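This is what each chain is made of:
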Amino acid sequence: EAGVVQSPRYKIIEKKQPVAFWCNPISGHNTLYWYRQNLGQGPELLIRYENEEAVDDSQLPKDRFSAERLKGVDSTLKIQPAELGDSAVYLCASSFSGSNAGELFFGEGSRLTVL
Amino acid sequence: AQSVTQLGSHVSVSEGALVLLRCNYSSSVPPYLFWYVQYPNQGLQLLLKYTSAATLVKGINGFEAEFKKSETSFHLTKPSAHMRDAAEYFCAVSDRAAGNKLTFGGGTRVLVKP
């Protein structure tokens, strides 16, 4: 079974440019998460979806970040315009909400460098 | 609010020596606890999880962790380190009231010396 797929793996842009990341979760997983991992730190939640509904976006900087999961499957995270401080690895994860074990499955991440 | 503290951002061990990574948590409800491993340029992979069954949990690659409620700890151990264990390790607590949202510690990078 395929795992969580993310693209692109690496992206280098200049500040003020837009960037978008895509995530396809494990088939059947209705919960999708976007995390940001700064260098040398643990991942921090940006947004959580239950199906197509964003149920927790309290940590998403809404002035420049947006996300969507239109059909409750794959998701896109966008930054516009990017700032130097946005350089990080953006991790997508999915889980099945019917499981009480709470395990999240992570993609390999999208590493963003803003110059 | 839940939180996780990992003591020591870097640990250096000799090959064959004991690996001990410390994790303390704060949670207002009985927690689910996890250890994830991250190899360079890869995503996070689950090592093991505690979900209120046995307090001693065995995971992959010879790792195990013990849940100690009185100490609010979930330390990770491996009796004998191997070179392939060089990676970053993250402890996390799950907020079951918030869709199993994971809150991570800052991570501990393990270096294994030959």
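Residues numbered from 1 in each chain as written. Chains lettered and ligands numbered in written order. Predicted model: local features only at pLDDT ≥ 70, side-chain atom pairs only at ≥ 80, totals over all residues. Heavy atoms only, no water.

Visitor: If you had to explain the packing of aromatic side chains to someone new, which residues and values would you point to?
Guide: Scanning all chains against the criterion turns up 14 aromatic pairs over all chains. Seen from their ring centres, Tyr33 of chain A and Tyr35 of chain A are 6.3 Å apart, and the 35° between their planes marks the pair as tilted. Neither residue differs from the other here; Tyr33 of chain A and Tyr35 of chain A are each classed as buried. Aromatic side chains Tyr25 of chain B and Phe67 of chain B sit 6.0 Å apart centroid to centroid with 25° between the ring planes, which places their arrangement in the stacked category. Separated by 42 residues along the polypeptide, Tyr25 of chain B in strand S3 (residues 19-26) and Phe67 of chain B in strand S7 (residues 64-68) bring together distant segments of the chain. In this pair, the class of Tyr25 of chain B matches that of Phe67 of chain B, namely buried. Counting every residue linked through ring pairs, the aromatic cluster contains Tyr33, Tyr35 and Phe106 of chain A together with Phe34, Tyr36, Phe90 and Phe104 of chain B. (Phe/Tyr/Trp six-rings, centres within 6.5 Å; stacked < 30°, edge-to-face > 60°. Buried < 20%, exposed > 50% of the residue type's maximum accessible area, 1.4 Å probe, protein only. Helix = DSSP H or I, 4+ residues; strand = E, 2+ residues; numbered from the N terminus.)

Visitor: An account of the pattern of salt bridges is needed here, citing residue identities and associated values.
Guide: All names here are of chain A. Going through the model one piece at a time under the given rule, you end up with 10 salt bridges over all chains. A salt bridge links Arg9 to Glu108, with the nearest nitrogen and oxygen atoms 3.1 Å apart. Here Arg9 is found in the loop between strand S1 (5-7) and strand S2 (10-13), whereas its partner Glu108 is found in the loop between strand S10 (105-106) and strand S11 (110-114), with 99 residues between them in sequence. Assessed through its relative accessible area of 27%, Arg9 is described here as partly exposed. For the salt bridge of Asp86 with Arg64, the shortest nitrogen-to-oxygen distance reads 2.6 Å. Residue Asp86 is located in the loop between strand S8 (75-79) and strand S9 (88-95), and its partner Arg64 is located in the loop between strand S6 (53-56) and strand S7 (65-68); the two are separated by 22 residues in the primary sequence. Given a relative accessible area of 3%, Asp86 falls into the buried group. A single network of salt bridges, built from pairs that share partners, joins Arg64, Glu83 and Asp86. (Salt bridge = Lys/Arg side-chain N within 4 Å of Asp/Glu carboxyl O.)

Visitor: Let's hear about the environment of Ile60 of chain B: which residues, and what values?
Guide: Residues and elements named next belong to chain B. Along the chain, Ile60 turns up in the loop between strand S6 (56-58) and S7. Using a relative accessible area of 32% as the deciding quantity, one classes Ile60 as partly exposed. C-alpha separation for the pair Ile60 and Thr77, spaced 17 residues apart in sequence, amounts to 12 Å. With sequence-adjacent residues up to four places away left out, Ile60 is seen in contact with Gln45, Leu46 and Leu47. (Contact = heavy atoms within 4.5 Å.)

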